[in-house]
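# Chain and residue survey
The lines below spell out each chain.
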Amino acid sequence: MTLLQSGVETPENDSPQRDRAAVTHALLWRAAAILGAATAGILVLVVVLEAVSVDPVLAWDSMWNSTFGTWRNFGETLVRATPLLLVALTLIPSLRAGLYNIGAPGQIAAGGFVATALALQLGDQPRMVSIVICGFAAAAAGALVAAFPGYLKAQFGVNEIITTLAMNFIVISAIGWLLNGPFKGSYANLPQSDLVPDNAALPVLIPDTRAHYGLLIALAFVPLLWALDRSRTGYRLRVFGANPQLTRQARISRRRYLVGLMAFGGVGAGLSGWMQVVTIDHRLYTTVADPIGYAGLFVALLGGLTWFGCIIAAFLLGALLHGGDGLQVGANVSPEIVQVVLGLILLAYAIQRGRSATKEIRIPKRRSPWKRSKR
Amino acid sequence: METFEAVMSSAVRLMVPLLLAALGELISERAGVMNIGLEGFMTAGAFTAFAVIVGGWGVLPAILMAAVVAALVSSIMAVGAVWLRGNAILVGFALFVMVPGLANFLYVQKNNQDATPKLHIFTVPVLEKIPGIGKALFSENVFYWIALVLCVVVYLLFSRTQAGLTITATGHEPETVRKRGKDPRVVQTLAVLACGALAGLGGASLTLGAVGSYQPNIVDGRGLIVIAIVILGRWTVPGAIAGAFLIALLDAMKLRVSQDSDIPIQLLGALPWIVVILMLVASTRMRSSAPRTLTQ
């Protein structure tokens, strides 16, 4: 057993032949598992669709059209993929340390609320001011909501899965109260806020679509993660994830890392709440987190806790989620079916990954050309 | 007095689903399987009971089918977490997302909004007359009595029988169980199936007993609350009863208080969750009797 699960090359992996055989073997297994899971998933879907007498082909057609059919629809897919990517990327460090932050909906709602409140206050301030203030505040709000379960875990050893889930319900009830009381908009007697001024919105990235600059913000986390991985903090985090006992002996504060990791996971969620309100919805609704929900976590897991995997998984799940909305319009299938798909994916992943969900399958790393080790 | 009576009787009615599911989770956690998928099992039971009764098959088949279908769903958990050695928490979370999604999908697609028929109330003749608590405790529908009987059964299972001891041993030291000639995986599978059936009954009591119809997301996080109840109840039956009653009392008071005062109902909706967090924090200070192999 090596100290770190990844990144340390053990001697038996050094010979090139064994390397190749091991890689091929691992990749084949993985491909077989994915294919098997996909086939099983599709079969289940077809059975379910037939059970409610919907033509699966029609359903597929309307899903395809609504995701990739036109340029505008493609933009919608990106709109759905952006928050998923954000949440997934910021969740990577905590998942690597074996912390499950399932509180994305609550953190999204908190970020959305703070962004709404500030955007309404700021009113007609210049666009940059409004965007920067709202964005940072939303990130802070998401981080704060996520840090609380981290603190409880560090201080009392309370299971973070249950507390983050409980926080979802608490935050969303609080938002529900705010939108029925102090923050209720003047437009109608509905639980929604006033219209957020236009200059708080992020500019559009691709013309004629709704795809916005949030995508670039999400992608900006990739170099950040890369840098974190190579910094001292990143090294300590890897030690923390691999062997908490060792962390204690090295006098690294467990509490600080627990809280910090959880808070970082909340940053992405808070930011996506902000984007959802100021750029897409333009009002705060109690359902602000519904388009994203737990899917960010799925993206992180499916992406194998790597940034590249997350980008691909976010795009695919974004397409799936938006396609689910298309189903409603095109084939009169209610979009709840997408949840079933998500569940099936996670189920396949959980079984395939085995007991240690955060350990990666050990595919020996190819040495990068610019970091050739001295032999 | 009248308010007290009303709150008590709705608290007892709301307690039954929690209690049934808590008994199931208790068995499963004692065997060392953390079952986040409880929400899914309860939804499966709730939806099945609704579908069967709306299909006109009667109450008894509805209850039985709810237990059977939820046990089938829990067999996914058993296969995934016990036999294929998947990550129990993630398998449970997958069911947590998938089953309510499927139930909502089928419900919306069929769009049947019938109410379920009223259940027969069984009454204990004399005790019913006790002022205050008599109506709440001795004049209830069939699920209440099922829950009471099952409480006694599960209590006796763990305190008096070899089987209960084996389950507890599996949670603490699976190796020892193996050496004694029993397969821990079989024990865990049976425990998970029992958990599914009990949670299914809990779900059925929610649709048929407490609510009287089905609506999307009817379970609404109760599965998670139940997990917290079991942890705070220190994996014992009396603890589960006390925890379930506490949460149900809060739920019952929520409706009352918001009628009688200015405290908005949305904030009261957060109350059970705040209590759950406090319960979890408090439980870490208690003597630990947690099954040792349980991943917490």
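Since the structure is predicted, the reported quantities are computational estimates derived from the model, not experimental observations.

## Focus: the confidence of the model for chain B
- With 96% of its residues at a pLDDT of 70 or more, chain B shows a mean pLDDT of 84.
- Taken element by element, the predicted model of chain B shows its lowest mean pLDDT in helix α5 (residues 134-138) of chain B (70) and its highest in helix α2 (residues 38-54) of chain B (91).

## What about the packing of aromatic side chains?
- The full count for this structure, using the stated rule, is 14 aromatic pairs over all chains.
- When the centroid spacing of 5.6 Å and the interplanar angle of 20° are considered together, the rings of W71(A) and F74(A) count as stacked. Taken together, the positions of W71(A) and F74(A), both in helix α3 (residues 71-96) and three residues apart, correspond to about one turn of that helix.
- Taking relative accessible area as the criterion, W71(A) reaches 52% and is therefore assigned exposed.
- With a relative accessible area of 22%, F74(A) lands in the partly exposed category.
- Here the aromatic residues Y294(A), F298(A), F93(B) and F96(B) are joined through ring pairs into a cluster of three or more.

## A short note on the interface of chain B and chain A
- The interface of chain B with chain A comprises 45 residues on the first partner and 47 residues on the second.
- Together chain B and chain A conceal approximately 4000 Å² of surface at their shared face, both sides included; 78% is due to carbon and sulfur atoms.
- Sorting the residues of chain B by area buried against chain A places L90(B), F93(B) and F105(B) first, and these three jointly supply 16% of that buried surface.
- Where chain B packs against chain A, one counts zero salt bridges.
- The tally of links between chain B and chain A comes to zero residue pairs in polar contact (both at pLDDT 80 or more).
- Breaking the side of chain B that touches chain A down by element, the ones donating at least two residues are α3 (59-83), α4 (88-110), α10 (222-232) and α12 (265-283) of chain B.
- Sort the elements by how many residues they give to the side of chain B that touches chain A and α4(B) lands first, with 17 residues.
- Grouping the constituent residues of the side of chain B that touches chain A by class yields 30 nonpolar, eleven polar and four charged.

## Some words on the packing of α2(B) against α3(B)
Residues and elements named next belong to chain B.
- Remark: α2 packs on α3, axes separated minimally by 8 Å, with the N-to-C direction vectors making an angle of 145°. Judged by the twist between their axes, the crossing of α2 over α3 is right-handed. Note on element contacts: α3 touches α2 through V59, P61, A62, M65, A66, V69, A70, V73, S74 and M77, opposite F41, A44, G45, T48, A49, V52 and I53.
- Here the contact of α2 with α3 is built from residues that sort into 14 nonpolar, three polar and no charged.

Basis of the calculations
Residue numbers restart at each chain and count upward from 1, following the sequence in its written direction. The naming scheme follows written order: chains are lettered A onward, ligands numbered 1 onward. Reporting in this predicted model follows two pLDDT cut-offs: at least 70 for local features of residues, and 80 or more for side-chain atom pairs to be given and counted; totals over whole chains, interfaces and linings ignore these cut-offs and use all residues. To obtain the side-chain values, all non-hydrogen atoms of the structure were used and water was disregarded. Per-residue confidence from the predictor is reported as pLDDT, a score between 0 and 100. Helix and strand assignments come from DSSP, with helices taken as H or I runs of at least 4 residues and strands as E runs of at least 2, each series counted from the N terminus. Only the six-membered ring of Trp is used, alongside the rings of Phe and Tyr, when aromatic pairs are assigned; centres must lie within 6.5 Å, and planes under 30 degrees apart are stacked while those over 60 apart are edge-to-face, with the rest tilted. Think of it in three bands: with a 1.4 Å probe and only protein chains considered, a residue is buried below 20% of the maximum accessible area for its type, exposed above 50%, and partly exposed in between. Contact between two residues is taken to exist if any of their heavy atoms lie within 4.5 Å; hydrogens are not considered. Here the buried area means the combined drop in accessible surface, using a 1.4 Å probe, for two parts upon being joined, counting both sides. What counts as a salt bridge is simple: a side-chain nitrogen of Lys or Arg found within 4 Å of a carboxyl oxygen of Asp or Glu. Definition of a polar contact: a pair of N or O atoms within 3.5 Å, with one able to donate and the other able to accept a hydrogen when the atoms are protein atoms, and with sequence-neighbouring residues admitted only if both atoms are side-chain atoms. The classification used treats Ala, Val, Leu, Ile, Met, Phe, Trp, Tyr, Cys and Pro as nonpolar, Asp, Glu, Lys and Arg as charged, and all other residues, Gly among them, as polar. Comment: axis = line fitted to C-alpha atoms, over the contacting stretch for helices; angle = value between 0 and 180 degrees taken between N-to-C directions. Note: crossing handedness is left-handed where the near helix turns anticlockwise from the far helix by less than a right angle, and right-handed where it turns clockwise.

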